[in-house]
Structures are given as C-alpha cells and as structure tokens.
Amino acid sequence: MPNQRRIVCYIAISLDGYIATEDDSLEWLFKVEGEGDAGYGEFIKTIDTVVMGRRTYDWVMEAEGGKDPYPDKECYVFSTTEHGRKENVKYTDEEILPFAERLRREPGKDIWVVGGGSLLHGFLKEKLIDEFIISIAPTLIGKGIPLFQELDFQIDYRLKSVRQFGQFAQLHYELKK
Ligand SMILES: NC(=O)c1ccc[n+]([C@@H]2O[C@H](COP(=O)([O-])OP(=O)(O)OC[C@H]3O[C@@H](n4cnc5c(N)ncnc54)[C@H](OP(=O)(O)O)[C@@H]3O)[C@@H](O)[C@H]2O)c1
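Only a predicted model underlies this, so the values are computations on that prediction, with no experimental measurement involved. Each residue is numbered by its place in its chain's sequence as written, counting from 1. The predicted nature of this model means local features are confined to residues of pLDDT at least 70 and side-chain atom pairs, given and counted, to a pLDDT of 80 or more, with totals for whole chains, interfaces and linings taken over all residues.

## Overview of the site of the ligand
Then step 1. As a rule, any residue with its backbone-derived C-beta atom within 6 Å of a molecule or strand is reported as near that molecule or strand. Around the ligand, a shell composed of 27 residues is seen, among which G53, T56, T80, G115 and G116 lie nearest.
Then step 2. Put simply, DSSP marks the helices as runs of H or I at least four residues long and the strands as runs of E at least two long, and each gets a number from the N terminus on. Contributions of two or more residues to the shell around the ligand are made by β1 (7-13), β2 (18-20), α3 (54-63), β7 (110-115) and α5 (117-125).
Then step 3. Here the shell around the ligand is built from residues that sort into twelve nonpolar, ten polar and five charged.
Then step 4. Here the limits of each domain have been adopted from an automatic or database domain assignment. A domain-level breakdown of the shell around the ligand finds at least three residues from each of domain 1 (1-48 + 123-177) and domain 2 (49-107). Classification used: nonpolar for Ala, Val, Leu, Ile, Met, Phe, Trp, Tyr, Cys and Pro, charged for Asp, Glu, Lys and Arg, polar for all others including Gly.

## Let's talk about the sheet that holds strand β3 (residues 47-53)
Then step 1. For two strands to count as paired, DSSP must find a minimum of two bridges between them. Strand order in the open sheet formed by nine strands is β5-β6-β4-β3-β7-β1-β8-β11-β10, with mixed pairing between adjacent strands. Two strands bound the open sheet, and with one partner strand each, they are β5 (85-86) and β10 (157-165).
Then step 2. Relative to strand β6 (residues 89-92), β5 runs antiparallel, the two being bridged by two bridges. Opposite R85, over in β6, you have K90 as the bridge partner.
Then step 3. The contact criterion used here is simple: two residues whose C-beta atoms, placed from the backbone, lie within 7 Å are in contact. Note on geometry: axes are lines fitted to C-alpha atoms, helical ones only across the stretch in contact, with angles between N-to-C directions running from 0 to 180 degrees. Here α3 sits on the sheet and contacts β3, β4 (74-78), β6 and β7; the angle it forms with β3, its principal contact strand, is near 105°.
Then step 4. In this fold α5 packs onto β1, β3, β4 and β7, with an angle of close to 135° to the strand it touches most, β7.

Structure follows, in structure tokens:
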C-alpha cells in the first residue's frame, strides 16, 4: 500500500507560543535573523495541498498584495462566511474529519495546515495533525493569538529533528502511533 498522505502543520511561533499579536502583526517574526529559507523550499516540495482558516487567508492575501501565494497547490480555506471559489482557493465549511479523511484517500503529496490557531484547533480535536514543523523565534511577545488552544486530552508526538536556522530553532515532531 502506498504511504498515506500526511497532514503537516509548518508554522512559526514566538518563544511564548503565539502565532501573531492580537492585531495580527508578524513584525516580531520578520525581524528575526534567519538563515536561508529555513527549510521552506525543501518542505514545500513535499506538499500539494494547502489548508487555511479564513483569517489566515485574508492576512496572506493582504500581505501578498492580492497575489495568490500558492498558485501551484490545491488550496482550501475554511469559512462559514465565505463560499464557493475565489482566485485559486476553494472555500469550505465541511466537517474537518470527513474533509481530512477524503483528502487522505486521494492520491497526492502531503497536506499543509498553514494555520491559524483556530483552524489548527479543529484538526487537533480530531487528532489529525501527523507532523509539526515549528520554527521558534527568540522573542516573547507577551500576548497574542496562541498556536495551541485547550484540549481535553493528550496527544503524544515523537521528536524527529531539531535544526537551527540563524536565530530560529526548528522542531520537527511526528505523531506517535
Ligand atoms: N506565525 C505563523 O506562521 C502564522 C501562520 C498562520 C497564521 N498566522 C496568523 O494567525 C492569525 C489568524 O489565526 P486565527 O486563529 O485568528 O484564525 P484562522 O484559524 O486563520 O481563521 C479563523 C477562521 O477560519 C474559519 N474556520 C476555522 N475553523 C473552521 C471550521 N471548522 N469550519 C469552518 N470555518 C472555520 C472561520 O472563518 P469565518 O469567520 O469566515 O467563518 C474562522 O473565523 C493571523 O494573524 C495570521 O497572520 C500566523
């Protein structure tokens, strides 16, 4: 049987666990001295499908000046307020579990859950994140949008690697099965 597609969260956080400030700023992240592309080029080759929450998609589109950031990928944006298609993305409000199970059954590369915290929480509630690649910026931002929300259970991961890219520590975890 071919390897099943993995669902991967590749994301950057502050040292105190936030993905953005309360007003959606990532300035604290962009000012950190990295090294090369921090493994992004290598990672993106393993992906053919991108999944985002509507707020993250809006943020990315604004940051990119309306230019589609993932033109060669299948893009899904979860939203209850937007429907249909826009640019290269498909809006969906499907339940996360059947959505993920269906994608996993289709042939393809791995699936990237870009964020944010709200959509990630939906995936974690169903224990659907197979891998995390988390780049930690050496900055405490004090408050903001957390990567992780509260769960009522524990999920165990295995540490695959620890890499340093300039001032970023990048932790790669895979789900313990
Ligand atoms: N540091 C990083 O690497 C990184 C990565 C990604 C994002 N971010 C930042 O994170 C922030 C956004 O994160 P967030 O947690 O506030 O929002 P988010 O997860 O990006 O988006 C939340 C929205 O997604 C939709 N949604 C989520 N779960 C859904 C479900 N199960 N079914 C249907 N729709 C669903 C809803 O849209 P509707 O309101 O339309 O219903 C909800 O309001 C932004 O500032 C972004 O820049 C940072």
